[in-house]
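Remarks on the overall topology
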Amino acid sequence: MPLRNILTTVSAFTLAACAAGPDFIAPSPPVMASGPFLSTRAGVTSTAPADAEWWRLYKDPVLDGLVADALAANTDVRVATARIAKARASLREVRGDRLPSTNLSAGATYGRVSEGQVPPGADREGWQVDAGLTVGYEVDLFGRVSRGVEAARGDVAAAEADAEAVRVTVAAETARAYADAASAAERLGVAERIVALLDKSVALTARRAEVGLTTKLDTARVAALRDQRRADIPAIAAERDAALFRLATLTGRPPADLPPIAAARRETLRLDQPIPVGDGAELLARRPDVAAAERRLAASTARIGVATADLYPKITLGGSVGQTSGGLGDLFGGGPLRWLLGPLINWNFLNQEGARARIAGAEADTQASLATFDGTVLRALEETETALSSYAHQLDRRTALQAARDQAETAVKITRAQQREGAIDGLAALDAERTFAEAEATLALADARIADAQVDLFRALGGRWTRG
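What this report covers is the structure whose coordinates are included nearby. (Residues numbered from 1 in each chain as written. Predicted model: local features only at pLDDT ≥ 70, side-chain atom pairs only at ≥ 80, totals over all residues. Heavy atoms only, no water.)

Further remarks concern the overall build of the protein chain. Looking only at helices and strands, one finds ten helices and six strands in the protein chain. A burial count over the protein chain gives 40% of its 468 residues as buried. If you take every contact in the protein chain between residues at least 6 apart in sequence, the share linking residues at least 24 apart comes to 85%. Surface accessibility of the protein chain: about 25200 Å² in total, with carbon and sulfur atoms responsible for 57%. (Helix = DSSP H or I, 4+ residues; strand = E, 2+ residues; numbered from the N terminus. Buried < 20%, exposed > 50% of the residue type's maximum accessible area, 1.4 Å probe, protein only. Contact = heavy atoms within 4.5 Å. Areas by Shrake-Rupley, 256 points an atom, 1.4 Å probe, with all protein chains shown as cover.)

Written out as structure tokens, the structure reads:
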């Protein structure tokens, strides 16, 4: 009957139990943040949902393979994966508080007792063996354990979102390194073509100087311009090498193991379609840093409940069974057992200042987590709008540079013809050559910056995480 009464009482407490502290309610982003982006432009971007595997828009199988290698072997991704495993282990530990705790003990001693402590005729000296089992179960009446599990689940989800953010970054930086190497290769080709054209101008000017149609000063000026442009080649080659070395690290390889095909592309990455960007609501549902901030806010909210539960009694249902005998052989001989069963109530109700201080600290952490979430939302919108604006203006700049380059090419063709006919002096021809060389190099650099702006935009748009 006593055991039945105890179990009935505990069951009633459990059914009536409620978790202390506030329940988490996901914060709502600003209403205006859910609409279309301010910096979209027809023909440049589209409102179609952003592509999770955006690098495939370039239609470059080599890039696809390098991104896959990076996501599988990058060291930052491995660190993030390990942190998920650690968070999950912590969750398993907290879940263990829902299960009964058990303690099995056994011991043996050899000694001598006083004559009055043993029955007449019994040995005063000998072995004494003791064994027992203790079981305890915390009745989670006020939600201390359940809120702890809730907080640990939030930590796991935040770690998973952090790992997704790392993957987004790794994919973007891998594409950027590949694009930088390809752009540098294209710029090398442009620089070499400029030097080859200037070599012809040097030869032409030298021939004209030999027959008295110009001076050696003009020849020296054209040769100096050619040598200046030739000096650009080693710097561009160094940029390309650095991009390839960075690509090797991102894909988890030493530089010597980077496959030669990764360096085979000689043209800047280009897109043949508008970039799908969706809208603000899709962005905030996709950005892993927003997800991580929300999950950390949920974990902080749950920890208010953990702290609040300390204001109330902690009820533990415990029991023990054991036996003491004069030897190991008698321990299992069916002798008398000792047993205890009953609840234990632990309640520090006289001085609760420490518990209330912990509640205040948990509430402050939650306010900080809320501010972090709000800041993350605003930064996500800022980064995306900035990337959209930068990309559109880079395209505008490229259009203007293309027109300038075409005009410079026309001008240099005219001046070369006039120079052959002796209609202009060497200084005018030199100026036209210099203008064309600068226009060619600047246009190639603009193409590289467009590819870089595209990667910035794809990175700002986030990864694959969606609210569930």
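Moving on from the model shown.
Let's shift gears to the nonpolar core. One finds W54, L63 and L457 to be the most contacted residues of the largest nonpolar core, which totals 49 residues. In terms of residue count, helix 10 (residues 426-461) provides more of this core than any other element does, eight residues in total. Beyond its immediate chain neighbours, meaning those up to four positions away, L63 contacts W55, Y58, A175, Y178 and L269. (Core = buried A, V, L, I, M, F, W, Y, C linked by side-chain atoms within 4.5 Å.)

Looking now at the side chain of Q352. By the secondary structure assignment, Q352 is in the loop between strand 6 (338-346) and helix 9 (353-421). On the accessibility criterion, Q352 (17% relative accessible area) is buried. Here L311 takes part through its backbone oxygen, which lies 2.9 Å from a polar atom of the side chain of Q352. Those residues in contact with Q352, other than ones at most four positions away along the chain, are L311 and W347. (Polar contact = N/O pair within 3.5 Å; in protein donor to acceptor, adjacent residues only side chain to side chain.)

Our focus in this paragraph is empty space enclosed by the protein. All told, the structure shown has two cavities of 30 Å³ or more when counted by the stated rule. Considered as a void within the structure, the second largest cavity measures approximately 30 Å³ in volume. Forming the walls of the second largest cavity are A50, D51, W54, R286, F458, L461 and G462. Here the residues of the lining of the second largest cavity sort into four nonpolar, one polar and two charged. (1 Å grid on protein atoms, 1.4 Å probe; cavity = no way out; pocket = protein on both sides within 12 Å on 5 of 7 lines; lining within 4 Å. Points joined across faces, edges and corners; volume = space filled by probe spheres on them. Nonpolar A, V, L, I, M, F, W, Y, C, P; charged D, E, K, R; others polar.)

Another aspect to go through is a nonpolar patch on the surface. On the surface, a nonpolar cluster with roughly 700 Å² of combined accessible area is contributed by L104, L133, V135, V321, L337, W339 and L341. If you list the elements that add at least two residues to the nonpolar patch, you get strand 3 (125-139) and strand 6. Along the polypeptide, W339 turns up in strand 6. By relative accessible area, which is 63% here, W339 ends up exposed. (Patch = residues over 30% accessible without salt bridge, like charges linked within 9 Å, V, L, I, M, F, W, Y side chains within 5 Å. Salt bridge = Lys/Arg side-chain N within 4 Å of Asp/Glu carboxyl O.)

To continue, consider the side chain of E186. If you trace the backbone, E186 turns up in helix 4 (residues 144-210). With residues up to four places along the chain from it excluded, the contact list for E186 reads R266, E267, T268, R270 and D447.

Let us now look at helix 2 (residues 61-73). Here helix 2 is 13 residues long and its end C-alpha atoms lie 18 Å apart, about the 18 Å a rise of 1.5 Å per residue gives. Of the positions making up helix 2, those classed as buried are V62, L63, D64, L66, V67 and A70. Looking at the buried residues of helix 2, the elements they touch are helix 3 (75-95), helix 4 and helix 5 (216-250). N-capping of helix 2 is provided by D60, with a side-chain oxygen placed 2.9 Å from the backbone N of V62. (Expected span 1.5 Å × (residues − 1).)

This brings us to the packing of helix 2 against helix 4. Interhelical geometry of helix 2 versus helix 4 gives an angle of 140 degrees and a closest axis separation of 9 Å. With respect to helix 4, the axis of helix 2 lies oblique. With respect to the hand of their crossing, helix 2 and helix 4 are arranged in right-handed fashion. Of helix 4, the residues touching helix 2 (which contributes V62, L63, L66, V67, A70 and L71) are R167, V170, A171, T174, A175 and Y178. Residues belonging to the contact of helix 2 with helix 4 are distributed by class as follows: ten nonpolar, one polar and one charged. (Axes fitted to C-alpha atoms, helices over the stretch in contact; angles between N-to-C directions. Parallel < 35°, antiparallel > 145°, perpendicular 65-115°, else oblique. Left-handed = near helix turned anticlockwise from the far one by under 90°.)

Turning our attention to the packing of helix 4 against helix 7 (residues 288-309). Between helix 4 and helix 7, whose axes approach to 8 Å, the crossing angle comes to 165 degrees. With respect to helix 7, the axis of helix 4 lies roughly antiparallel. Here helix 4 and helix 7 pass one another in a crossing that is left-handed. Across the contact of helix 4 with helix 7, the residue classes break down as 13 nonpolar, three polar and nine charged.

Quick look at the pattern of salt bridges now. What the rule picks out here adds up to 38 salt bridges. Across the pair R246 and D180 runs a salt bridge whose closest N-O atoms are separated by 2.7 Å. One end of the pair, R246, is in helix 5; the other, D180, is in helix 4, and 66 residues separate them in sequence. On the basis of relative accessibility, which here comes to 33%, the residue R246 falls in the partly exposed class. Accessibility expressed as a relative area gives 26% for D180, which makes it partly exposed. R229 serves as the salt-bridge partner of D232, at 3.2 Å between the closest nitrogen and oxygen. Of this pair, D232 and R229 both sit in helix 5, three residues apart, roughly one helical turn. Note on R229: relative accessible area 15%, which makes it buried. The structure contains a network of salt bridges with shared partners spanning E173, R176, D452, D456 and R459.

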